[in-house]
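What follows is each chain in one-letter form.
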Amino acid sequence: KTDDAVLPDGISKKDLIEKIEQAKSSIVDGREYVDLISDLIGAKRSKEYLILFQNPSEIRATGGFVGSYGIVKLDDGKIKKILVDDIFNPDGQLRERIVPPFPIQKISTAWSMHDANWFFDFPTSAKKVAWFYEKTGGPSVDAVITLNPFVIERLLDLTGPIEMPEYDTVIVSENFVDAIQYEVEEGDNKKE
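This text gives an overview of the structure that appears in the document. On a predicted model such as this, the values are computed, not experimentally measured, just so you know.

Calculation notes
Residues numbered from 1 in each chain as written. Predicted model: local features only at pLDDT ≥ 70, side-chain atom pairs only at ≥ 80, totals over all residues. Heavy atoms only, no water. Helix = DSSP H or I, 4+ residues; strand = E, 2+ residues; numbered from the N terminus. Buried < 20%, exposed > 50% of the residue type's maximum accessible area, 1.4 Å probe, protein only. Core = buried A, V, L, I, M, F, W, Y, C linked by side-chain atoms within 4.5 Å. Pairing = 2+ DSSP bridges. Axes fitted to C-alpha atoms, helices over the stretch in contact; angles between N-to-C directions. Contact = heavy atoms within 4.5 Å. Phe/Tyr/Trp six-rings, centres within 6.5 Å; stacked < 30°, edge-to-face > 60°. Lys NZ or Arg CZ within 6 Å of the ring centre and 35° of its normal.

## Digging into unusual backbone geometry
Most peptide bonds take the trans form, and the phi angle of most residues other than glycine is negative. Not every positive phi belongs to a glycine, and Asp 76 is a case in point at roughly 55°. Within the fold, Asp 76 resides in the loop between β2 (65–75) and β3 (78–86). One non-glycine residue, Asp 168, lies in the positive phi region at around 55°. Among the structural elements, Asp 168 can be located in the loop between β5 (162–164) and β6 (169–171). Asp 168 gets classed as exposed once you look at its relative accessible area, which sits at 73%.

Right under this line is the structure:
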């Protein structure tokens, strides 16, 4: 039969062949994503990620001042460790005096993790932050991830409301910044 023949359900043979080719391509692409996600969640070997929490109110090249950081360790698809800490705690463990790039020298004679996101090229900043983290006694990490309130707001738009009964609140993108700012500055568990 010809390619423009119409099959019983009203679709042409040509359209059917195109749809089959698209489906095959999607399956191949999907397989690559499955392998990537499997690797990211530590299915074959554990992964440790350094997460930088950036404040965009204090401008830095990668999206804001790094005021705190987190370590997330994944193994076999499960979270094995989560640590969130003030950035100045590892900075205080740095025993060497590292001379900062020239423009930073106008405000500081030493360089540390909290200002290592200096480079506009994110991979360069990420490598420098990871390097500083190791210099302060932290383990080597598999990747550096940055988050700021705008990213969290967008994620909340996707996930929808998150109930937090221990704080007597429901977090949504519209109240996220105010709620977090309140907890950090005035909340009962300020240190946490």
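## Brief notes about the nonpolar core
Of all hydrophobic cores here, the largest spans 19 residues; its most connected members are Leu 50, Tyr 69 and Met 113. Elements that contribute at least two residues to this core include exactly β1 (47–55), β2 and α4 (122–135). Ranked by residue count, the leading element in this core is α4, at five residues. In terms of nonpolar packing, the next biggest core, distinct from the first, is built from five residues, Tyr 49, Ile 51, Val 72 and Leu 74 among them.

## Considerations on the sheet that holds β1
Spatially, β3-β2-β1-β4 is the arrangement adopted by the four strands of the open sheet, whose pairing is mixed. Unpaired on one side and paired on the other, β3 and β4 (143–147) mark the two borders of the sheet. Taking the axes of each pair of neighbouring strands and ignoring which way they run, one obtains an average angle of 20° across the sheet. The pairing of β1 with β4 spans five bridges and is parallel. Across the sheet, residue Leu 52 finds its bridge partner in β4, namely Thr 146.

## Examining the environment of Phe 132
When you line up the elements, Phe 132 lands in helix α4. If we ignore the near neighbours within four places in the chain, the residues touching Phe 132 are Leu 94, Ile 98, Trp 111, Ser 112, Met 113 and Ala 116.

## With respect to the pairing of β3
Bridge count between β2 and β3: eight bridges; the pairing is antiparallel. By the bridge assignment, Gly 70 is partnered in β3 with Val 84. Taking the residues between adjacent antiparallel strands as the criterion, β2 and β3 are bridged by two residues, where Asp 76 takes a positive phi near 55°.

## A closer look at the packing of aromatic side chains
A full pass over the atoms with the stated rule returns five aromatic pairs. Between Trp 131 and Phe 132, the ring centres sit 5.0 Å apart and the planes meet at 75°, which makes this aromatic pair edge-to-face. A relative accessible area of 33% places Trp 131 in the partly exposed class. Here a set of aromatic residues connected by ring pairs shows up, and it is made of Trp 111, Phe 119, Trp 131 and Phe 132. Just above the ring of Trp 131 sits the side chain of Lys 128; from NZ or CZ to the centre is 4.4 Å.

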